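Spelled out, the chains give:
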Amino acid sequence: TQLLEQSPQFLSIQEGENLTVYCNSSSVFSSLQWYRQEPGEGPVLLVTVVTGGEVKKLKRLTFQFGDARKDSSLHITAAQPGDTGLYLCAGAPPGGYQKVTFGTGTKLQVIP
Amino acid sequence: EAGVTQSPTHLIKTRGQQATLRCSPISGHTSVYWYQQALGLGLQFLLWYDEGEERNRGNFPPRFSGRQFPNYSSELNVNALELEDSALYLCASSWAGQGYNSPLHFGNGTRLTVT
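The structure presented is a predicted model; accordingly, all values stated were derived computationally and were not measured.

Teacher, can you tell me more about the pattern of salt bridges here?
Two side chains with opposite charge may pair up if their charged atoms get near one another. The tally for this structure, following the rule as stated, stands at 7 salt bridges over all chains. A salt bridge links A:Arg60 to A:Asp83; its shortest N-O distance comes to 2.9 Å. Linking A:Arg60 in the loop between strand 6 (55-58) and strand 7 (61-65) with A:Asp83 in the loop between strand 8 (71-76) and strand 9 (85-92), this pair joins segments that are 23 residues apart in sequence. Between B:Glu75 and B:Arg22 there is a salt bridge, with its nearest N and O atoms 3.8 Å apart. Of this pair, B:Glu75 sits in strand 8 (residues 74-78) while B:Arg22 sits in strand 3 (residues 19-24), and the two are 53 residues apart along the sequence. With a relative accessible area of 43%, B:Arg22 lands in the partly exposed category. The network of salt bridges with shared partners includes B:Arg22, B:Arg67 and B:Glu75.

Dropping the structure here:
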């Protein structure tokens, strides 16, 4: 069973601060996705990373896939209240997408 | 394009009863996934259906079952409900043809409360 551990589990910061969320596993993934979930809604895909060492930027969000494709990080610069939500990483096993494993989640609160 | 729709939005049942949750995928998507989200944190994989067949199953007891209909909509059934079954049940769809990069499109979930 592939497990994805996210840290921290909870994070409360002031508007304008920077933060990093980590997603770690002992297993190799063929791809890794990051989702954001807001209260009362389902998760929404932010990005997919496929290549070891890959870095993708989405405005103030920077996503990195580890060289060994076992871990990933999400860095937010100058956090805003609109960034508040649950961040989930999800890894697809090699050989197929059949059973994507979701991480334990990081709840972010950005205080105005 | 209509998104993934789930019904009902909320469901309250008594311990021992059965619950039926429904999901309509995005048009053109043949794969439907079911996840359980308890305590507002990580998602636990329940079931995956594609082209009407159950393709994979998570570590849940047999009282969690489901099916996919010819129009690709899906139903999740939970028998003999227990208090710990209280959770948000999320349905997602994808187009299997995109392979492992295919993103999951989620509905807004059914909040099941067992009393």
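Anyway, onward from the coordinates.
I would appreciate a short explanation of the sheet that holds strand 6 of chain A in the present structure.
Note: strands within a sheet are paired through backbone hydrogen bonds, in either parallel or antiparallel orientation. Residue and element names in this part refer to chain A. Ordered in space as 1-3-8-7-6, the 5 strands form an open sheet in which the pairing is antiparallel. Each edge of the sheet is formed by a strand with only one pairing partner; in this case those strands are strand 1 (5-7) and strand 6. Taken over all neighbouring pairs, the strand axes of this sheet differ in orientation by 15° on average, direction set aside. Here 3 bridges tie strand 1 to strand 3 (residues 19-24), and the two strands are oriented antiparallel to one another. Residue pairing for strand 3: Glu5 is matched across the bridge by Asn24.

Would you take a moment to explain the interface of chain A and chain B for this structure?
Accessible area lost upon the coming together of the parts serves often as the stated size of an interface. At the junction of the two partners, chain A supplies 24 residues and chain B supplies 23 residues. For the pair chain A and chain B, the summed buried area comes to about 1900 Å², and 59% of that belongs to carbon and sulfur atoms. At the junction of chain A with chain B, the criterion picks out 0 salt bridges. The interface formed by chain A and chain B includes 4 residue pairs in polar contact (both at pLDDT 80 or more). Secondary structure elements with two or more residues in the side of chain A that touches chain B: strand 4 (31-37), strand 5 (44-49) and strand 9 of chain A. The element best represented in the side of chain A that touches chain B is strand 4 of chain A, accounting for 4 residues. The class makeup of the residues in the side of chain A that touches chain B is 10 nonpolar, 11 polar and 3 charged.

Here is what the cut-offs are and how they apply
Residues numbered from 1 in each chain as written. Chains lettered and ligands numbered in written order. Predicted model: local features only at pLDDT ≥ 70, side-chain atom pairs only at ≥ 80, totals over all residues. Heavy atoms only, no water. Salt bridge = Lys/Arg side-chain N within 4 Å of Asp/Glu carboxyl O. Helix = DSSP H or I, 4+ residues; strand = E, 2+ residues; numbered from the N terminus. Buried < 20%, exposed > 50% of the residue type's maximum accessible area, 1.4 Å probe, protein only. Pairing = 2+ DSSP bridges. Axes fitted to C-alpha atoms, helices over the stretch in contact; angles between N-to-C directions. Contact = heavy atoms within 4.5 Å. Buried area = accessible area lost by both parts, 1.4 Å probe. Polar contact = N/O pair within 3.5 Å; in protein donor to acceptor, adjacent residues only side chain to side chain. Nonpolar A, V, L, I, M, F, W, Y, C, P; charged D, E, K, R; others polar.

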